[in-house]
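Close look at the chain arrangement
Residue-level listing of the chains:
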Amino acid sequence: NPWHTTAVALFTSASLLSSFLNSPDDYSETPFQPGSNTYNPVIAQEFYSKRPLMVIKRILRLASLTAVFNSGLLWDWLVLGKLLKDEEYSALRRNEKQRAKDALVLCEKLGPTFIKLGQALSIRTDILPELYALELRQLQDAVPPFDSSEARSVLRKELNVSDLNAIFSQLSEKPVASASIGQVYRGILKENGKEVAVKVQRPGILGEIALDLHVLRVLTPIQTTLQNAVNRQKTTQEDIDTAVALVDEWGRGFVAETDYRLEAENTIDFGDAMKKRGLDAVCAPTVVENLVRDKVLVTEWVEGTRLDRDASDDVPRLCGVAINAYLTMLLDTGVLHCDPHPGNLLRTTDGKLCILDWGMTLSVPNDLQYALLEFIAHINTENYDAIPQDFINLGFSPENVSLERLQSSGITEGLSFAFRQLSQGGGPKKMQERVKEEFQERYGSDLSDSELRLAARAEMLERMEAQLASEGVDVKGVTNVMEEMSRRNRELFALPPYVLYVARAFSTLEGIGLSIDENYAIVQECYPYLSRRLFTDRSPRAKAALRAMLGLSEDAEIPSSSGLAAVKAGVNGATHKKSALSPKKLLELTDNFASYTAATATVDRDGQGRTAAAKEFAKLLLGQDGSTLQEILVEEVAKFGDATTRSALRQVLVESALAKAVANTLRAPKEAIEQSEQFAALLPDEVKRVIIERPALLPQLIDDLLSPTAEDERILSSAQELREVLGSRLDNNSLRSALAENLSDGASIIPNSPDITPALQRIASDTETRDFVLEQLPGVATLGRKVGAGLLRRAAFRAMNSPVLPEEARRTLSDANNRLADVIDPVAEKSEVQ
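To start, this report covers the structure provided alongside it. Since this is a predicted model, take the numbers as computed values, not measurements.

Details of a negative patch on the surface
Residues Glu-265, Asp-269, Asp-272 and Glu-289 make up a contiguous surface patch of negative charge. Structurally, the position occupied by Glu-289 is in the loop between β5 (282–283) and β6 (296–300).

Next comes the structure, spelled out in structure tokens:
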């Protein structure tokens, strides 16, 4: 019977295929070794081309596990959508929420590589629909543990002992945690009794990851083509190359995680870097260096709870600490932790933040760090004209994109809107509410949600058509305006890998913050670090960013002691943008600096953090080595001293009743002579010039010399604003509120402002504080000399550039002031010459 024969053949084939797919995998051989730079797709291609059965087996296994999911997607898109001519693909959209949940389960079934891949994709809403991304964010790096007998065998081999009791007096029978790369046991060291965490690598994990990455590279062109077809877009070779490059980027990170020696090094380096920078409130596990091996990592046990599950009242402060730590990594140390899910952020029992799992990191180049500082400064000061250049500097746009195209793309409007929303806090929920309110104001409060979306879509299409038309595109010839704009945006913008990891870290921290405070604003939490960095960084680019934050022109040269170049920048207003120090910004940055130091320097609540903040700020202002903040303040004080002196002199010598009477007296003889030709003829010309004409010109000469410039007016206005702001802060309640707003754990740790007498008594009685104050006294004298030298150099430049003084007088006055400035502050001239 042919039917019977066919059935037997099919059954036999299915059995053989099942046996093949379920046969044990051998991952003992790998195409490359663990490491941050060892991943090589070319070597992997050569390696697996000699092992085709391994590749076929993995592809078939993936196909069997994903068959139901893929069939459902295909049915919704092809049959219910394309074939039935449903242009909105309503079935696909309707089932998206359930499909996203199925994708979460599927990632867990597919194994360690796909768990890592799902975590990486959870922040890529430019690749995945938002519902899928949100669902995948629930992925935890946890898989069923491998057998503990295998783990102990790995330990004995790596530690070169036949009996683990030689090293551990106690080791847990079962793992306390199991992840994709390895699993952790809790033990006690025999030599010193310390409790430790013992991480053992999963056998064959590097081979499994290497094979999956190779298969992903094989399947990626097919997946990209299908995805573009679903989105009704043509697939180009560039699309495929971009997708494959993304797989390779992930691959480098996944392979690096298998290098336990590198993880140990990263852990030690992070701990040392945080101590060096005074971030005592954040730490990493202490590595037991003599027990680090290729597949074993031993660290001291960290007692604590996950930050997102801890009910302690200092969790908001620790969220701020975490943000400061990640910003320090991103903008200072240049080594970014790339796995910041909630399970890796612990609140220790002594109130510190401990960051775990340093297997995956990313290097951030120094030039990129300063580009980020500049970008943040421009966003904060709403200098959106500078944003397109920032995008190019940051790698957000390909190298072949011109500045003009970016400027005309409308990116500044979008960033302005996004920054305004993020600054108000509240996360996606509150942002959605505010956007709805804006839409109701714009389109009508009586419209339903769907009608508001349609109105917003219509306006967006109108703007897109206008944008295309401005670029010379025939809008009528474009079949789908949104698709055309999407294509153009892909040409203009790209997201570098570091941005994705930062976004993931901040998304995690924002989620923790919002669980405690529904109005939590993560953007505001970034400013303390930014203030501290800009106040202390002496590089030209950081100085320019700080000047921008303070409302000053970025292009002014600021020598280390406010010398002549600074005077030129300040006096010669025609050569620079109009700018003036913003007192509000200065105090805001100062508060944030204090908040950073107080939050990160200590974990207790007895005032040590605020004391540390006061000391650090005193060092900034009075340090004999100087600081960017000191330079700017010296410059501004010199400007203010110059402006107020000139204003006071003008009041006395020009505008007072006595001055006006003297001026009239000096002008009277000349006016009398002008009215009497006979009297004028009696006096010799030389006599008239000496005793009549020159004295008559003196009042106008003084008036011209002391006339206020536009810059003088801005400086005096800023000084008045500063007095008003400081005046409001002198009230205890105002001061308390200001500090409470800037310290992450709020007013509960801020006492009422004390009376000055007890404060002075405490300073006198506390040896450490008293010694610190005495150490800073030489800095007061140095600061005074710098201000005095700045005033003299400013006077020198004014004299040299006066349009009313004779050349000889200008040169004499200028030289005299400069020489006196050099006597007062000789270091200034030396640094300027250099």
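Structural notes on unusual backbone geometry
The backbone of Asn-160 sits at a positive phi, close to 60°, despite the residue not being glycine. Position of Asn-160 relative to the elements: it lies in the loop between α8 (148–159) and β1 (168–171). Positive phi outside glycine occurs at Asp-357, with the angle close to 65°. Secondary-structure assignment places Asp-357 in the loop between β10 (353–355) and β11 (361–363).

Observations concerning the environment of Cys-107
Along the chain, the position of Cys-107 falls in helix α5 (residues 96–110). Here the alpha-carbon distance between Cys-107 and Leu-139, two residues 32 residues apart in the chain, equals 8.4 Å.

Considerations on the side chain of Ser-172
Note that Ser-172 resides in the loop between β1 and β2 (177–178). On the accessibility criterion, Ser-172 (18% relative accessible area) is buried. One polar contact links the side chain of Ser-172 to the main-chain carbonyl oxygen of Lys-174, over a distance of 3.0 Å. In this structure, Ser-172 is in contact with Arg-152, Tyr-185 and Arg-186, ignoring residues within four places of it in sequence.

Overview of the pattern of salt bridges
Summed over all chains, the structure comprises 39 salt bridges. Between Arg-99 and Asp-76 there is a salt bridge, with the nearest N and O atoms lying 2.8 Å from each other. One end of the pair, Arg-99, is in helix α5; the other, Asp-76, is in helix α3 (residues 52–83), with 23 residues separating them in the sequence. Across this residue pair, the class does not change: Arg-99 and Asp-76 are buried. Lys-430 serves as the salt-bridge partner of Glu-518, at 3.7 Å between the closest nitrogen and oxygen. Separated by 88 residues along the polypeptide, Glu-518 in the loop between α20 (497–516) and α21 (522–536) and Lys-430 in helix α17 (residues 427–443) bring together distant segments of the chain. One salt-bridge network, in which partners are shared between bridges, spans Asp-642, Arg-646, Asp-712, Arg-794 and Arg-798.

How each quantity is defined
- Along every chain, residues carry numbers that run from 1 in the direction the sequence is written.
- Local features in this predicted model are restricted to residues of pLDDT 70 or higher, and side-chain atom pairs are both shown and tallied only at a pLDDT of 80 or more, whereas totals for entire chains, interfaces and linings draw on every residue.
- To obtain the side-chain values, all non-hydrogen atoms of the structure were included, while hydrogens and water were left out.
- Like-charged residues are merged into a patch within 9 Å and nonpolar side chains (Val, Leu, Ile, Met, Phe, Trp, Tyr) within 5 Å, provided each residue has over 30% relative accessible area and no salt bridge.
- Each accessible area is a Shrake-Rupley estimate made with a 1.4 Å probe; only the visible protein chains count as cover when residues are assessed.
- Salt-bridge detection follows one rule: a side-chain nitrogen of Lys or Arg within 4 Å of a carboxyl oxygen of Asp or Glu.
- His residues and chain termini do not enter the charge count, which takes Lys and Arg as positive and Asp and Glu as negative.
- Taken as the charge centre is NZ of Lys, CZ of Arg, CG of Asp or CD of Glu, depending on the residue.
- Counting from the N terminus, the helices are the DSSP runs of H or I reaching at least four residues and the strands are the DSSP runs of E reaching at least two.
- Classification of residues uses two cut-offs on accessible area relative to the type maximum, computed with a 1.4 Å probe and protein chains only: under 20% is buried, over 50% is exposed, and between them is partly exposed.
- A 3.5 Å cut-off defines polar contacts: any pair of N or O atoms within that distance qualifies, except that in protein one atom must be a possible hydrogen donor and the other a possible acceptor, and neighbouring residues in sequence count only when both atoms are side-chain atoms.
- Any two residues whose heavy atoms approach within 4.5 Å are treated as being in contact.

Purely spatial values, then, with no claim about function.
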